[in-house]
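A look at the structure
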Amino acid sequence: MLTAQAVDRTGTGVWAAASVLYFTFVAHLDARQVGLLLGVAAVAGIAGSPIAGRLAERQPVRRLLMAGHLLRLVTVALMLVAHSFGALLALVAITSLGERSAKTLEMLFATQVAGEQRAVYQALFRSVANAGYAVGAGIAAIGLAIGTVGAYRALILADALSFVAAALLVRLTSPVPGALAHAAPADQPAQGPNPWRDRGYLLFVLLDIAMNLDDAVLNVGLPLWLIHHTRAPHAFVPAFLIINTVLVVALQLRFSTWASRTTRRPATSVALIGLAMLACCALIALTTGAGAWTAAIALSAAAVLTTLAELLRSISSWELAVSLAPTQSRASYLGVAGMSQSIEKAAGPLLLTGAVFAGGPVGWLALGGALAGLGVLQRRVCLRRLGAMAGVAVGRPVAVEA
């Protein structure tokens, strides 16, 4: 399963690095059209997780995951022959929908395959995913250096073919004995509570959107702030990604081991995420008016803090999503939980480049304070629900909803 995800992320790395240039130089779209494509893709992706979760209550996850990979094979391949903006818009939207569905199904399948070792598996997956993205970006760099229409098309085709390989590897994955013991039969209708009516779980998902903002800060906030609001050398921008990649590969498994020792630690991690982001935002605020190298060092330290928040969030977010969900409806609950990342990816950059940047240093301090406060609130919400679920497990009449 890890190999399948590595192949998928390699293709995604190729797509991420080459798609904008493909749409610009091969499809001949202008900047406004490309921006609209990416925006529609982000919005369409939000629906992917709940749809996947709902379907997984009724059909085998393996079969759905393979279908998700093959759906993206078809849509990406069709982009090679689509010429109109309308056709490309529809294909990009469906591709994004399939991508988010596949990511949710991957984690559902991994939860089944890995059993109680899901936290360790998640850590290994994070390391493998980062390596896959790096390899994909390297492959794309070769094609982009060549710069011909044929080279661009070859990169898009490589992305499409990665889905074939991923689907085949999923088909060959063998589950841990007993890991699928609690999976519902494929023909059995979904039963149990509805996540859309569970206010306690929806509150967790809503707060989790904010806890995912480390992604936008690292990939959008830090680079744009360095370029437009500091005197730091622009050459430092790639350093943010390098810092992130090295720390994730080196520390993800250790963070996972720490967080998975007790059921309360993932909830505790959420409060630590908020504190790390508060320190990160404070450093960014201090770069205004600072010297070039002072700003560069401060922003690099902010990248370290953002990565620490990501390391904690990548474990706690999924572990809490699983632990807080009723077992009999876990797939549909996890589908709803998966929306938090999609919503953050769509709204996070707009929040930073709009409200936060407009507020300057005060905007960053306000964001950090808000995330610290929301982290404390999320911890309380999660611990309360975990306690309620433990009470139900031992037969005490305690409501699960918070």
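Small disclaimer: the values here were computed from a predicted structure and weren't measured.

1. Points about the overall build of the protein
Helix and strand counts for the protein come out as 14 helices and zero strands. Moving toward the C terminus, one meets the helices and strands of the protein in the order α-α-α-α-α-α-α-α-α-α-α-α-α-α. Dimensions of the protein, computed from C-alpha atoms along their principal axes, come out at roughly 60 × 50 × 35 Å. For the protein, long-range pairs separated by at least 24 residues make up 83% of all intrachain contacts whose partners lie at least 6 apart in sequence. Carbon and sulfur atoms make up 69% of the accessible area of the protein, which totals about 17,200 Å². Within the protein, one finds 28 positive and 16 negative side-chain charges whose respective centroids are separated by 5 Å.

2. Let's talk about unusual backbone geometry
Glycine aside, residues mostly have negative phi angles, and peptide bonds mostly take the trans form. Unlike most non-glycine residues, H28 shows phi in positive territory, near 60 degrees. Within the secondary structure, H28 is located in the loop between α1 (2–25) and α2 (31–46).

3. Comments concerning the pattern of salt bridges
Inspection of every chain in the model, using the stated rule, returns seven salt bridges. Residue R9 pairs with D8 through a salt bridge whose shortest N-O separation is 3.1 Å. Each member of the pair, R9 as well as D8, carries the same accessibility label: buried. A salt bridge links R9 to E106; the nearest nitrogen and oxygen atoms lie 2.8 Å apart. Here R9 is found in helix α1, whereas its partner E106 is found in helix α5 (residues 85–114), with 97 residues between them in sequence. Accessibility classification places R9 together with E106 in one group, the buried group.

4. Quick notes on the packing of helix α12 (residues 292–323) against helix α13 (residues 330–337)
Packed helix pairs are specified by the crossing angle of their axes together with the interaxial distance, meaning the distance between the axes. For the pair α12 and α13, interaxial distance at closest approach is 9 Å and the crossing angle is 145 degrees. Here α12 and α13 pass one another in a crossing that is right-handed. Residues W318, A321 and V322 of α12 form the contact with α13, whose participating residues are R330, L334 and A337. When the residues that make up the contact of α12 with α13 are grouped by side-chain class, the tally is five nonpolar, no polar and one charged.

5. Considering the UniProt feature "transmembrane region" (unreviewed entry) in the protein
According to UniProt, the feature "transmembrane region" (unreviewed entry) maps to residues 12–29, 36–56, 76–97, 128–146, 232–255, 267–286 and 350–377 in the numbering used here. Between the end C-alpha atoms of residues 76–97 the distance is 12 Å, and the span holds 77% helix and 0% strand.

6. Regarding the environment of A110
Here A110 shows up in helix α5. Looking at A110, the relative accessible area reads 2%, which means it is buried. The spatial distance from the C-alpha of A110 to the C-alpha of M1 is 7.3 Å, given a sequence separation of 109 residues.

7. Digging into the environment of Q328
Looking at the element boundaries, Q328 is found in the loop between α12 and α13. On the basis of relative accessible area, Q328 is assigned to the partly exposed category, the value being 49%. Taking the C-alpha atoms as reference points, Q328 and G192, 136 residues apart in sequence, are found 5.6 Å from one another.

8. A short note on the nonpolar core
Among the nonpolar cores identified, the biggest contains 71 residues, and Y201, L222, I284 and W364 are the most heavily contacted of them. By residue number, the principal contributor to this core is α12, which donates twelve residues. Structurally, this core is a two-domain feature, drawing no fewer than three residues from each of domain 1 (1–172) and domain 2 (195–392). Dropping the residues within four chain positions of it, L222 is found in contact with V217, F240, I284, L299, A302, A303 and T306. Ranked by size, the runner-up nonpolar core spans 20 residues in total, among them V34, A41, V76 and I156.

9. Some remarks on the environment of F240
In this structure, F240 sits in helix α10 (residues 237–259). Relative accessible area serves as the criterion here: at 1%, F240 is assigned to the buried category. Beyond its immediate stretch of four places on either side in the chain, F240 contacts L218, L222, P223, L226, L299, S300 and A303.

10. Quick look at helix α7 (residues 149–172)
Taking 1.5 Å per residue, 24 residues should reach 34 Å; α7 reaches 35 Å between its end C-alpha atoms and fits that length. Within the span of α7, buried status applies to A151, Y152, L155, I156, D159, A160, S162, F163, A166, A167 and V170.

11. Overview of helix α9 (residues 214–229)
Taking 1.5 Å per residue as the helical rise, α9 with its 16 residues ought to reach 22 Å, whereas the 19 Å between its terminal C-alpha atoms falls clearly short. Every buried residue of α9 is accounted for by D214, A216, V217, L218, V220, G221, L222, P223, W225 and L226.

12. Some details on the packing of aromatic side chains
Across all of its chains, the model carries nine aromatic pairs by this definition. Here the aromatic rings of W225 and F357 are separated by 5.4 Å at their centres, their planes lie at 75 degrees, and the arrangement is edge-to-face. On the criterion of sequence distance, the pair formed by W225 in helix α9 and F357 in helix α14 (residues 339–393) is long-range, its members being 132 residues apart. Overall, the relative accessible area of 1% leaves W225 in the buried class. With centroids separated by 5.8 Å and ring planes inclined at 85 degrees, the aromatic side chains of W225 and W364 adopt a geometry described as edge-to-face. With W225 in helix α9 and W364 in helix α14, this pair connects stretches of sequence that are 139 residues apart. Using a relative accessible area of 0% as the deciding quantity, one classes W364 as buried.

Analysis parameters
- Residues numbered from 1 in each chain as written.
- Predicted model: local features only at pLDDT ≥ 70, side-chain atom pairs only at ≥ 80, totals over all residues.
- Heavy atoms only, no water.
- Helix = DSSP H or I, 4+ residues; strand = E, 2+ residues; numbered from the N terminus.
- Contact = heavy atoms within 4.5 Å.
- Areas by Shrake-Rupley, 256 points an atom, 1.4 Å probe, with all protein chains shown as cover.
- Lys, Arg positive; Asp, Glu negative; His and termini not counted.
- Charge placed at Lys NZ, Arg CZ, Asp CG, Glu CD.
- Salt bridge = Lys/Arg side-chain N within 4 Å of Asp/Glu carboxyl O.
- Buried < 20%, exposed > 50% of the residue type's maximum accessible area, 1.4 Å probe, protein only.
- Axes fitted to C-alpha atoms, helices over the stretch in contact; angles between N-to-C directions.
- Left-handed = near helix turned anticlockwise from the far one by under 90°.
- Nonpolar A, V, L, I, M, F, W, Y, C, P; charged D, E, K, R; others polar.
- UniProt positions renumbered as here; feature names shortened; annotations may be inferred.
- Core = buried A, V, L, I, M, F, W, Y, C linked by side-chain atoms within 4.5 Å.
- Domains from an automatic or database assignment.
- Expected span 1.5 Å × (residues − 1).
- Phe/Tyr/Trp six-rings, centres within 6.5 Å; stacked < 30°, edge-to-face > 60°.

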